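Next come the chains, spelled out residue by residue.
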Amino acid sequence: MDRVIFLVDMQSFYANVEKVFQPELENKPVVVAGNPDIRNGVILAACPLAKQWGVKTTETLWEAENKCPYLVVAKPRMQVYINASVEIAAVLEMFSDAVEPYSIDEIFVEMTHSLKPFHGDPQKAAVRIKRHIQRMLGVHARIGIGPTKVLAKMACDHFAKQSSAGVFTLSQDNISEQLWPRSIDHLFGVGRQMERHLRNMGIRTIGQLARFPLEPLKKRWGINGELLWRTSHGWDPSPVTADTHIRRKGIGHHMTLPRDYYSWKEIRVVLRELSEEVARRARKNGCTGKVISAEASSRNVQVPAKFHRQVSLDHDTNDGKVIYDAAARLFHHHWDGYPVRSIGVTLHQLTNDTFRQLSLFHPLQEREALHQTIDDIEDRFGSGTILYASSLTAASQAHLRAQKIGGHYK
Ligand SMILES: [Mg+2]
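Fair warning: this is a prediction, and the values are worked out from it, not measured in the lab.

**Side note on the overall build of the protein chain**
Secondary structure assignment for the protein chain yields 16 helices and 14 strands. Within the protein chain, the proportion of its 410 residues that are buried is 48%. When the accessible surface of the protein chain is totalled, it reaches about 21000 Å², and 53% of it is carbon and sulfur.

See the structure below:
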């Protein structure tokens, strides 16, 4: 099966985030500049309005102000942009488990197994994701789609960004027609110097490199020559790894309940379901965690009640029962009986469990075999196929979860 990978890029990211946080700037040409106090500071980002005046990133503020006298200059606020970037990644995690930030305003998303709600149509998924990011964060995104990361990246940089739809697909079916006529410096990984060398060899387009015999390229540049040649064919085995991002953030699930839950009997049903979902995602990502947090809040705005506490275990786990037990203990200590409207469980301090030491008499072995079986069945027949008996009670949210993408309605 062909993979489906998205590269989601935020347009004029810093400048547009400033516009979101300062609505009065909405219709003004805005740039974010390294140091607005000195006129030879460099433009880090320019909003589309400023670009209409010919303002470009990396030129000096002085040059930009000469082109556009009404330019509004904002100081960079990196923490704000980092937070916005993390929020965008969280939005993307509603659609897929494998979300990998590539830079502050570009994120890879593995969509291969996440297209069911879109009837297998990546284009539809992309349009939906764009709309979601726009609605939730007010930032305009462009999406490149491809069967590999390099094709997704080039689809975004050289096609989606130029198209009015903001979505473009490169695949083995259209690269000879779309990508190959492009100038060689459009090939991902070709810098200025390499461009010069290739041009000296008579290679001016990506297609000319693709049709060039591999051996002389390998002889001259070794592995790098082969890499560029493979890139020109769109070949790239690298996976989308959720690892770095998830490890930092933890794996969590939150749920807003359809009504207030008053009794522990009801709450524990949902808590159990959330714990199992967290455990399942941890196993799917091949990790275990040592710290478990639980949270609950009421909807009453007059008397806002909530808690968010965590507990550290003495061993790593991705067992839903262990996670549930810890979360239940936190509830017993910190929930004082107010009506609960939203609940969350998160597993933190994640480590890769591939290298986990297995003790000779591993007490969890049996449970691990059970998890493997449950995960296999759910992979085949869909999430929610196997439920705890408690999930057949009225308090259960499991039947709803099965209709959602990562905890959010489709
Ligand atoms: Mg960008």
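**Regarding the UniProt feature "binding site: Mg(2+)" (unreviewed entry) in the protein chain**
Mapped onto the present numbering, the UniProt feature "binding site: Mg(2+)" (unreviewed entry) falls on Asp9 and Asp105. A maximum C-alpha distance of 5.7 Å among these annotated residues, which run over 97 residues, shows that they cluster at one spot. Turning to its location among the elements, Asp9 is positioned in strand 1 (residues 5-10). Residue Asp9 is classed as buried on the basis of its relative accessible area of 3%. Not counting residues within four places of it along the chain, the set of residues in contact with Asp9 comprises Asp105, Glu106, His140, Ala141, Arg142, Cys156 and Lys161. By the element assignment, Asp105 lies in the loop between strand 5 (99-103) and strand 6 (106-110). Those residues in contact with Asp105, other than ones at most four positions away along the chain, are Val8, Asp9, Met10 and Phe13.

**Here we look at the nonpolar core**
With 48 residues, the main nonpolar core has Phe6, Val8, Phe13, Leu92 and Met111 as its most contacted residues. No other element matches helix 4 (residues 78-92), which puts six residues into this core. Once you skip the residues sitting within four places of it in the chain, Val8 turns out to touch Leu92, Asp105, Glu106, Ile107, Val109, Ile133, Ala141, Arg142 and Ile143. Trp335, Ile343, Val345 and Leu350 belong to the second largest nonpolar core, which has 33 residues in total.

**So, the sheet that holds strand 3 (residues 43-46)**
Reading across from one edge, 3-2-4 is the order of the three strands in this open sheet, with mixed pairing throughout. The sheet is open, and its two edges are formed by strand 3 and strand 4 (72-74), each paired on a single side. Along the sheet, successive strands turn relative to each other by an average axial angle of 30°, direction set aside. Relative to strand 3, strand 2 (residues 30-33) is paired through three bridges, and the arrangement is antiparallel. Bridge assignment links Ala33 to a residue of strand 3, and that residue is Ile43.

**Examining the coordination of the magnesium ion**
The magnesium ion binds to the protein through Asp9 (OD), Met10 (O) and Asp105 (OD), with metal-donor distances spanning 2.2 to 2.7 Å. Between the donor residues of the magnesium ion, the gaps in sequence give the motif D-M-x94-D. Of the two residues, Met10 is situated in strand 1 and Asp105 in the loop between strand 5 and strand 6; the sequence distance between them amounts to 95 residues. In this pair, the class of Met10 matches that of Asp105, namely buried.

**Description of the state of the cysteines**
One pass over the full model with this rule turns up zero disulfides. A disulfide-free cysteine, Cys47 has its sulfur positioned 8.6 Å from the sulfur of Cys68, the nearest such atom. We classify Cys47 as buried; its relative accessible area is 0%.

**Looking at the sheet that holds strand 5**
Here five strands make up an open sheet; going across it, the order is 5-6-1-7-8 and the pairing mixed. In this open sheet, the two strands that pair with only one neighbour each are strand 5 and strand 8 (167-169). Averaged over all pairs of adjacent strands, the angle between strand axes in this sheet comes to 20°, irrespective of strand direction. Pairing geometry for strand 1 and strand 7 (residues 141-146), over six bridges, is antiparallel. When the sheet's bridge partners are listed, Phe6 is paired in strand 7 with Ile145. Helix 4 contacts strand 1, strand 5 and strand 6 of the sheet and is inclined by roughly 15° relative to strand 6. Across the sheet, helix 5 (residues 122-137) lies against strand 1, strand 7 and strand 8, angled at about 160° from strand 7, the strand it touches most.

**Let's talk about the pattern of salt bridges**
Taken as a whole and assessed by the stated rule, the structure comprises 17 salt bridges. Between Glu266 and Arg259 there is a salt bridge, with the nearest N and O atoms lying 2.9 Å from each other. For Arg259, a relative accessible area of 34% corresponds to the partly exposed category. Ionic contacts of the salt-bridge type, sharing partners, join the residues Asp9, Glu106, Arg142, Lys153, Asp157 and Lys161 into one network.

**Some remarks on the pairing of strand 1**
Within strand 1, six of the six residues are buried, which leaves the element mostly enclosed by the surrounding structure. Here strand 1 shows no split at all, with Ile5, Leu7 and Asp9 on one side and Phe6, Val8 and Met10 on the other all buried. In this sheet, strand 6 lies alongside strand 1 in antiparallel orientation, the contact comprising five bridges. Looking across to strand 6, one finds that Val8 is bridged to Ile107.

**Notes on helix 8 (residues 192-200)**
Along helix 8, the positions that sit buried rather than exposed are Met194, Glu195 and Leu198. Looking down the long axis of helix 8, one finds its buried residues gathered within 105° of arc, a one-sided arrangement. Seen from the open side of helix 8, the exposed residues pointing more than 90 degrees away from its buried face are Arg192, Gln193, Arg196 and Asn200. Looking at the buried side of helix 8, the elements it contacts are helix 9 (206-210), helix 10 (214-221) and helix 11 (223-232). Gly202, located one to two residues past helix 8, shows a positive phi value of around 85°.

Definitions and cut-offs
Residues numbered from 1 in each chain as written. Predicted model: local features only at pLDDT ≥ 70, side-chain atom pairs only at ≥ 80, totals over all residues. Heavy atoms only, no water. Helix = DSSP H or I, 4+ residues; strand = E, 2+ residues; numbered from the N terminus. Buried < 20%, exposed > 50% of the residue type's maximum accessible area, 1.4 Å probe, protein only. Areas by Shrake-Rupley, 256 points an atom, 1.4 Å probe, with all protein chains shown as cover. UniProt positions renumbered as here; feature names shortened; annotations may be inferred. Contact = heavy atoms within 4.5 Å. Core = buried A, V, L, I, M, F, W, Y, C linked by side-chain atoms within 4.5 Å. Pairing = 2+ DSSP bridges. Axes fitted to C-alpha atoms, helices over the stretch in contact; angles between N-to-C directions. Donors = N, O, S within 2.8 Å, 3.2 Å for Na, K, Ca; no water. Disulfide = S-S within 2.5 Å. Salt bridge = Lys/Arg side-chain N within 4 Å of Asp/Glu carboxyl O. Arc of directions from axis to C-beta.

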